[in-house]
Amino acid sequence: MLFFFAVSLKQLLLFKISNMANNLLKGKRGIIFGALNDQSIAWKVAERAHEEGAVFVLTNAPIAMRMGEINGLAAKTNSQIIPADATSLEDLENLVVKAMEILGGKIDFVLHSIGMSPNVRKGKHYTETNYQYYNQTMDVSAISLHKTLSTLYKHEALNEWGSVVALTYIAAQRIFPDYNDMADAKSLLESITRSFGYHYGIKNKVRVNTISQSPTVTTAGQGIKGFTEFINFSEQMSPLGNASAVACADYCVTMFSDLTRYVTMQNLFHDGGFSNTGVTQQVIEKFGNE
Ligand SMILES: NC(=O)c1ccc[n+]([C@@H]2O[C@H](COP(=O)([O-])OP(=O)(O)OC[C@H]3O[C@@H](n4cnc5c(N)ncnc54)[C@H](O)[C@@H]3O)[C@@H](O)[C@H]2O)c1
């Protein structure tokens, strides 16, 4: 009896796993930036990419490594970690060269999941921005994508039909006051995606896209003032509700796979419908008594 129970439990587990994973990334090599802790979107992407058969290296700023949580993810996904400050061309050069050595060939996918604003962190109002901080916001959150792409380009490190995805937010198109100078950084990030996507497409058929994700509870997300209220507002303004980090990881996996080979230079909304919603009945009703 116990034996049958154990066998059917095993079958159930195998069925569940085989149902979730489809080897969409089998044989693909990647670089994943930005896994800080198990809330990070990049963390979920690494888990899903591993399930789908990819091999990859993990990278983050040396300072973020001090927390050490990334070691657990590396062990779980059989991957190595190469520290790199994404604003340093020297670090990126080392990352790209070492990644190809470790993985045994050219790269097929890259996730840019990096964001940081000293103005947001220090509570500086947008109208009174500190310009040194502002430059840092741009460098870390946007120009780092250009630096990464140009390093990959220079080393011919990406295979044909390779796919680069960077994560962004709709504040690039519309004002969300507390998002501060991160909105400007995201606009630049999306512009770099189009411009580099053009050049890389012509040269190597490489795809470059951004995914514009719903507000998500992560370390970077929670740094935004009024985040809890905002996440609830967004939930009620999205016909499907806010997209989770795991759902974002699923979308990233499809963008890395061969199923989306002709999608490039796009900003892809992954937001439960928020970006095309003027208002919802739920939100309208909140104003009934005013
Ligand atoms: N959380 C949200 O609500 C949300 C919504 C839309 C888009 N995004 C974007 O998703 C991406 C990932 O953020 P997250 O929400 O998973 O938060 P997170 O805090 O887990 O990830 C941000 C990462 O950026 C890394 N980073 C910062 N400075 C760096 C540097 N100089 N070099 C290399 N890495 C550096 C951090 O160490 C961290 O791992 C960001 O681009 C963010 O703007 C987040």
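None of the values given here were measured: they were computed from a predicted structure.

Here we come to the overall build of the protein. Along the protein, the regular secondary structure elements total 12 helices and 7 strands. Principal-axis analysis of the C-alpha atoms places the extent of the protein at approximately 65 × 55 × 40 Å. Buried positions account for 42% of the 290 residues belonging to the protein. Taking contacts inside the protein between residues at least 6 apart in sequence as the whole, the part at least 24 apart equals 74%.

Let us look at the sheet that holds strand β2 (residues 55-59). The strand order across the open sheet built from 7 strands is β3-β2-β1-β4-β5-β6-β7, with neighbouring strands paired in parallel fashion. Of all strands in the sheet, those with a lone pairing partner are β3 (80-81) and β7 (267-270), marking the two edges. Both β2 and β3 contribute to a ladder of 2 bridges, which runs parallel. Across the sheet, the residue bridging to Leu58 is Ile81, located in β3. Most of the contacts of helix α2 (residues 41-51) go to strand β1 (residues 29-33), to which it runs at about 160°, and overall it touches β1, β2, β4 (107-112), β5 (158-168) and β6 (207-213). Against the sheet, helix α5 (residues 89-103) touches β1, β2, β3 and β4, its axis set at about 150° to β2.

Moving on, we come to the pairing of β4. Within β4, 6 of the 6 residues are buried, which leaves it mostly tucked inside the rest of the structure. Summarising the sheet, β1 and β4 pair through 3 bridges and their orientation is parallel. Each bridged residue has a counterpart across the sheet, and for Ile32 the counterpart in β4 is Leu111. Across 5 bridges, the pairing between β4 and β5 is parallel.

The subject of this paragraph is unusual backbone geometry. One non-glycine residue, Glu156, lies in the positive phi region at around 45°. By the secondary structure assignment, Glu156 is in the loop between α7 (131-154) and β5.

Attention shifts here to the nonpolar core. Core analysis: the largest hydrophobic core is formed by 68 residues, its most contacted members being Ile32, Ala46 and Cys252. In contact with Cys252, not counting residues within four places along its chain, are Val45, Leu111, Val165 and Ile211.

Thresholds, definitions, all that
- Residues numbered from 1 in each chain as written.
- Predicted model: local features only at pLDDT ≥ 70, side-chain atom pairs only at ≥ 80, totals over all residues.
- Helix = DSSP H or I, 4+ residues; strand = E, 2+ residues; numbered from the N terminus.
- Buried ≥ 20, exposed ≤ 12 C-beta atoms within 10 Å, placed from the backbone.
- Contact = placed C-beta atoms within 7 Å.
- Pairing = 2+ DSSP bridges.
- Axes fitted to C-alpha atoms, helices over the stretch in contact; angles between N-to-C directions.
- Core = buried A, V, L, I, M, F, W, Y, C linked by C-beta atoms within 7 Å.

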